[in-house]
Amino acid sequence: AQSVTQPDIHITVSEGASLELRCNYSYGATPYLFWYVQSPGQGLQLLLKYFSGDTLVQGIKGFEAEFKRSQSSFNLRKPSVHWSDAAEYFCAVGSFEGGKLIFGQGTELSVKP
Amino acid sequence: AAGVIQSPRHLIKEKRETATLKCYPIPRHDTVYWYQQGPGQDPQFLISFYEKMQSDKGSIPDRFSAQQFSDYHSELNMSSLELGDSALYFCASSKQKDTQYFGPGTRLTVL
């Protein structure tokens with residue numbers, strides 16, 4: 001079955017510290033992978049996506065993610081977190097045919113001063 | 001850049017009433033997706049349309065229906081509302097089923 005797992009429900013990091021949010025997927029075909037960010041009561045903003053090619057992808061706001069096929073992972077990283085990064089982060093997987101996205105449970109990020 | 005527009009942004013209904021949510025995709029996008037996000041939950045796919053035809057269907061209740069019109073906007077019609085229908089409803093659009101861009105959502109509260 002197709003699924004996305006974000007093992008960490010809530011993560012707290014200090015401002016200026018590095019960040020890594022984990023995402024593991026289970027998908028029968030070649031996956032298209034996404035990270036979205038959601039501020040409270042807001043919509044989902046696309047941070048970055050992986051379709052093919054270079055397994056390290058750069059996104060907006062200084063985020064990057066690395067696709068590791070052998071580990072079925074697509075972890076999101078940022079070298080230095082800002083207080084404005086506090087939000088809910090969702091990893092999602094889709095298909096080449098462009099159908100529905102399957103989301104992970106989300107990771108809530110808190111940033112302490 | 002133009003984004004996905006959803007209306008209304010907030011909606012309050014009584015049980016057993018009906019509701020209509022509207023979605024206006026990004027210009028030149030031909031695919032629309034509807035998702036439901038319950039409190040503290042991840043978004044769940046409901047239904048999608050490509051070039052005005054239903055292209056995929058998820059866990060959408062029979063009480064709900066949707067369509068995509070000739071100008072590519074879409075409407076989600078919800079009847080016999082239940083308390084459990086209270087959620088944030090997102091519309092996303094894409095061009096030829098490529099990357100999905102989400103709207104701000106409609107928060108539906110059923111009393």
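Residues numbered from 1 in each chain as written. Chains lettered and ligands numbered in written order. Predicted model: local features only at pLDDT ≥ 70, side-chain atom pairs only at ≥ 80, totals over all residues. Heavy atoms only, no water.

### Describing the overall build of chain A
On a plain count of helices and strands, chain A comes out with zero helices and twelve strands. Overall size of chain A, expressed as C-alpha extent along the three principal axes, is 40 × 30 × 20 Å. By the burial criterion, 48% of the 113 residues in chain A qualify as buried. Restricting to contacts in chain A with at least 6 residues of sequence separation, those with at least 24 account for 53%. On chain A, roughly 5,400 Å² of surface is accessible, and the fraction owed to carbon and sulfur atoms is 49%. Averaging the positions of the 9 positive and the 10 negative side-chain charges in chain A gives two centres separated by 3 Å. (Helix = DSSP H or I, 4+ residues; strand = E, 2+ residues; numbered from the N terminus. Buried < 20%, exposed > 50% of the residue type's maximum accessible area, 1.4 Å probe, protein only. Contact = heavy atoms within 4.5 Å. Areas by Shrake-Rupley, 256 points an atom, 1.4 Å probe, with all protein chains shown as cover. Lys, Arg positive; Asp, Glu negative; His and termini not counted. Charge placed at Lys NZ, Arg CZ, Asp CG, Glu CD.)

### Comments concerning the pattern of salt bridges
Residue and element names in this part refer to chain B. Counted according to the given criterion, the structure contains eight salt bridges over all chains. Between Lys 52 and Glu 51 there is a salt bridge, and its shortest N-O distance comes to 4.0 Å. Taking the relative accessible area as the measure of exposure, Lys 52 reaches 35% and is therefore partly exposed. In this structure, Asp 85 engages Arg 63 in a salt bridge whose closest nitrogen and oxygen atoms are separated by 2.9 Å. (Salt bridge = Lys/Arg side-chain N within 4 Å of Asp/Glu carboxyl O.)

### Focus on the side chain of Asp30(B)
Residues and elements named next belong to chain B. Within the fold, Asp 30 resides in the loop between strand E3 (19-24) and strand E4 (31-37). The buried charged residue Asp 30 lacks any salt bridge partner; its closest oppositely charged side chain belongs to Lys 95, at an N-O distance of 4.7 Å. Within polar-contact distance, the side chain of Asp 30 engages the side chain of Thr 31 at 2.9 Å. (Polar contact = N/O pair within 3.5 Å; in protein donor to acceptor, adjacent residues only side chain to side chain.)

### Notes on the layout of surface pockets
In this model, the largest pocket occupies a volume close to 420 Å³. Lining the largest pocket are 22 residues; nearest its centre among them are Gln38(A), Gln37(B), Pro39(B), Gly40(B) and Gln41(B). Elements supplying a minimum of two residues to the lining of the largest pocket: strand E10 (87-94) of chain A together with strand E9 (87-94) and strand E11 (106-110) of chain B. In this structure, the second largest pocket spans a volume of roughly 200 Å³. Taken together, Leu44(A), Gln45(A), Leu46(A), Ala2(B), Gly3(B), Val4(B), Ile26(B), Tyr101(B), Phe102(B), Gly103(B) and Pro104(B) form the lining of the second largest pocket. Secondary-structure elements contributing two or more residues to the lining of the second largest pocket are strand E6 (44-50) of chain A together with strand E10 (101-102) of chain B. (1 Å grid on protein atoms, 1.4 Å probe; cavity = no way out; pocket = protein on both sides within 12 Å on 5 of 7 lines; lining within 4 Å. Points joined across faces, edges and corners; volume = space filled by probe spheres on them.)

### Structural notes on the sheet that holds strand E8 (residues 74-78) of chain B
All names here are of chain B. The strand order across the open sheet built from four strands is E1-E3-E8-E7, with neighbouring strands paired in antiparallel fashion. Of all strands in the sheet, those with a lone pairing partner are strand E1 (5-7) and strand E7 (64-68), marking the two edges. Direction aside, neighbouring strands of the sheet carry axes that sit 15° apart on average. Sheet topology places E7 next to E8; five bridges connect them, and they run antiparallel. (Pairing = 2+ DSSP bridges. Axes fitted to C-alpha atoms, helices over the stretch in contact; angles between N-to-C directions.)

### Some thoughts on the pairing of strand E9 (residues 73-78) of chain A
All names here are of chain A. Burial of E9 is extensive: five of the six residues sit out of reach of the surface. The pairing of strand E3 (residues 19-21) with E9 spans three bridges and is antiparallel. Residue pairing in the sheet places Glu 20 in a bridge with Arg 77 of E9. Across five bridges, strand E8 (residues 64-68) lies against E9 in antiparallel orientation. Paired with Phe 67 across the strands is Phe 74, a residue of E9.

### So, the state of the cysteines
With the rule as written, the count across this model stands at two disulfides over all chains. The side chain of Cys23(A) participates in a disulfide bridge whose partner is Cys91(A); the two sulfur atoms lie 2.0 Å from each other. As the torsion about the S-S bond is roughly -65°, the Cys23(A)-Cys91(A) disulfide counts as left-handed. A residue pair is termed long-range when its members are at least 10 positions apart, and Cys23(A) in the loop between E3 and strand E4 (24-26) and Cys91(A) in strand E10 qualify at 68 residues. Assessed through its relative accessible area of 0%, Cys91(A) is described here as buried. Bridging Cys23(B) to Cys91(B), the disulfide has an S-S length of 1.7 Å. Measuring handedness by torsion sign, the sulfur bridge of Cys23(B) and Cys91(B) sits at about -55° and is left-handed. Within this pair, whereas Cys23(B) is found in strand E3, its partner Cys91(B) is found in strand E9, the two being separated by 68 residues in sequence. Each member of the pair, Cys23(B) as well as Cys91(B), is classed as buried. (Disulfide = S-S within 2.5 Å.)

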